[in-house]
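Now for the letters of each chain:
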Amino acid sequence: MGKSGFVPDNSNIKKSSGTPNLSVNYKQNVLFKRNDQNIAYQLTSTQLPAMLGGAFVDLYMTKGHMREPHWHPNAWELDVVVSGEVQVSILDPDTSSMHNYRIKEGEVVFIPMGWWHWIEPLSEEAHLHLFFNNDQFESTEGSDVLRLTPPIVFQKAYGVSANEVAEAVAPITDTVVIGPPHDHSFYQKSYLKDERDERIVVKINEKVVPAEDR
């Protein structure tokens, strides 16, 4: 689709062709399904060819799951909470700071194009509408970065053990999207909180969080 992306007009709609299809049941197009309570539906110009310049995702999640860390190389994202409460976390590449936004029904978070981010439910159930300014938006998933990058690359780049990296990422055998893929209770241990990096600036609703409170 040569005109995919942001399009400022309706030049794709031709008078001679009549009114194009303007309605569709987007729940017939599942983007990803972990289970019946953790599922995402997608609407793009693939389903509505006339809808150039934007896309939509209907996301449902339950507590204990999360939309895994990822970024969109060709679109910004607007997250709108329909019900429940979530935390949207964004890594600002310009300031090397992490921002955590706790939002409820009626509140939104904007994610600039290409920024690393993830979404975690704080309530038992959460429902979000996600909007993108590209009708064929792309996603680069953290699970793919981890499982497809040779462990020796991490060793060469960061000085960590390639064997330990390989062991750590071994359970990631496929693209995750909505995780965790299984009951990874091992990773819920308290050491995740104890081994915090005090060099990273963390903000919740734009207030800096002391390292001991993270």
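A. The arrangement of the environment of Asn74 in detail. In this fold, Asn74 is placed in the loop between β4 (66-71) and β5 (77-83). In the structure, Asn74 is positioned 62 residues away from Gln136 in sequence and 8.6 Å away in space, judged by C-alpha atoms. Contacts of Asn74, omitting those with residues within four sequence positions, involve Met113, Asn134, Gln136, Phe137 and Glu138. Within the local environment of Asn74, its side chain forms a polar contact with the backbone oxygen of Gln136, the two atoms lying 3.2 Å apart.

B. Main features of the packing of helix α2 (residues 151-158) against helix α3 (residues 162-169). Here α2 crosses α3 at 130°, and the two axes come no closer than 8 Å. When the axis of α2 is compared with that of α3, the two are oblique. Like other packed secondary-structure pairs, α2 and α3 cross with a definite hand, here right-handed. Each of Pro151, Ile152, Phe154 and Gln155 in α2 lies in contact with α3, whose residues at this interface are Ala162, Val165 and Ala166. Residue classes in the contact of α2 with α3 are distributed as 6 nonpolar, 1 polar and no charged.

C. The arrangement of the layout of surface pockets in detail. Space inside the second largest pocket adds up to approximately 170 Å³. If you go around the second largest pocket, you meet 17 residues; those closest to its centre are Leu31, Arg67, Phe137, Ser139 and Glu141. Broken down by secondary-structure element, the contributors of at least two residues to the lining of the second largest pocket are β1 (30-35), β2 (38-43), β3 (55-62), β4 and β10 (125-132). Split into classes, the residues belonging to the lining of the second largest pocket amount to 10 nonpolar, 4 polar and 3 charged.

D. Structural view of a nonpolar patch on the surface. A cluster of nonpolar side chains, Trp76, Phe110, Met113 and Phe131, forms an exposed patch at the surface whose accessible area comes to about 370 Å². Within the element layout of this structure, Met113 appears in the loop between β8 (108-111) and β9 (117-121).

E. Geometry of the packing of aromatic side chains. All told, the structure shown has 8 aromatic pairs when counted by the stated rule. Measuring from ring centre to ring centre gives 6.2 Å for Tyr26 and Tyr41, while their planes differ by 70°; the resulting arrangement is edge-to-face. Taken as a pair, Tyr26 in the segment before β1 and Tyr41 in strand β2 lie far apart in primary sequence, 15 residues in all. Taking the centre distance of 5.4 Å and the plane angle of 45° together, the rings of Phe56 and Phe131 count as tilted. With Phe56 in strand β3 and Phe131 in strand β10, this residue pair connects regions lying 75 residues apart in the sequence.

F. Just the nonpolar core, in detail. If you look at the biggest cluster of nonpolar residues, it comprises 23 residues, and the most contacted ones within it are Leu59, Val86, Val88, Ile119 and Leu128. Filtering out sequence-adjacent residues up to four positions away, Leu128 remains in contact with Val57, Asp58, Leu59, Met61, Asp79, Val80, Val81, Val82, Val86 and Ile119.

G. Broad picture of the pairing of β9. Burial analysis of β9 places 4 of its 5 residues in the buried class, the great majority of the element. Here β4 pairs with β9 via 2 bridges, running antiparallel. From the neighbouring strand, Arg67 faces β9, where its bridge partner is Ile119. Pairing between strand β6 (residues 85-92) and β9: 5 bridges, direction antiparallel. Counted as the bridge partner of Ser89 is Trp118 from β9.

Thresholds applied
- Residues numbered from 1 in each chain as written.
- Predicted model: local features only at pLDDT ≥ 70, side-chain atom pairs only at ≥ 80, totals over all residues.
- Heavy atoms only, no water.
- Helix = DSSP H or I, 4+ residues; strand = E, 2+ residues; numbered from the N terminus.
- Contact = heavy atoms within 4.5 Å.
- Polar contact = N/O pair within 3.5 Å; in protein donor to acceptor, adjacent residues only side chain to side chain.
- Axes fitted to C-alpha atoms, helices over the stretch in contact; angles between N-to-C directions.
- Parallel < 35°, antiparallel > 145°, perpendicular 65-115°, else oblique.
- Left-handed = near helix turned anticlockwise from the far one by under 90°.
- Nonpolar A, V, L, I, M, F, W, Y, C, P; charged D, E, K, R; others polar.
- 1 Å grid on protein atoms, 1.4 Å probe; cavity = no way out; pocket = protein on both sides within 12 Å on 5 of 7 lines; lining within 4 Å.
- Points joined across faces, edges and corners; volume = space filled by probe spheres on them.
- Patch = residues over 30% accessible without salt bridge, like charges linked within 9 Å, V, L, I, M, F, W, Y side chains within 5 Å.
- Areas by Shrake-Rupley, 256 points an atom, 1.4 Å probe, with all protein chains shown as cover.
- Salt bridge = Lys/Arg side-chain N within 4 Å of Asp/Glu carboxyl O.
- Phe/Tyr/Trp six-rings, centres within 6.5 Å; stacked < 30°, edge-to-face > 60°.
- Core = buried A, V, L, I, M, F, W, Y, C linked by side-chain atoms within 4.5 Å.
- Buried < 20%, exposed > 50% of the residue type's maximum accessible area, 1.4 Å probe, protein only.
- Pairing = 2+ DSSP bridges.

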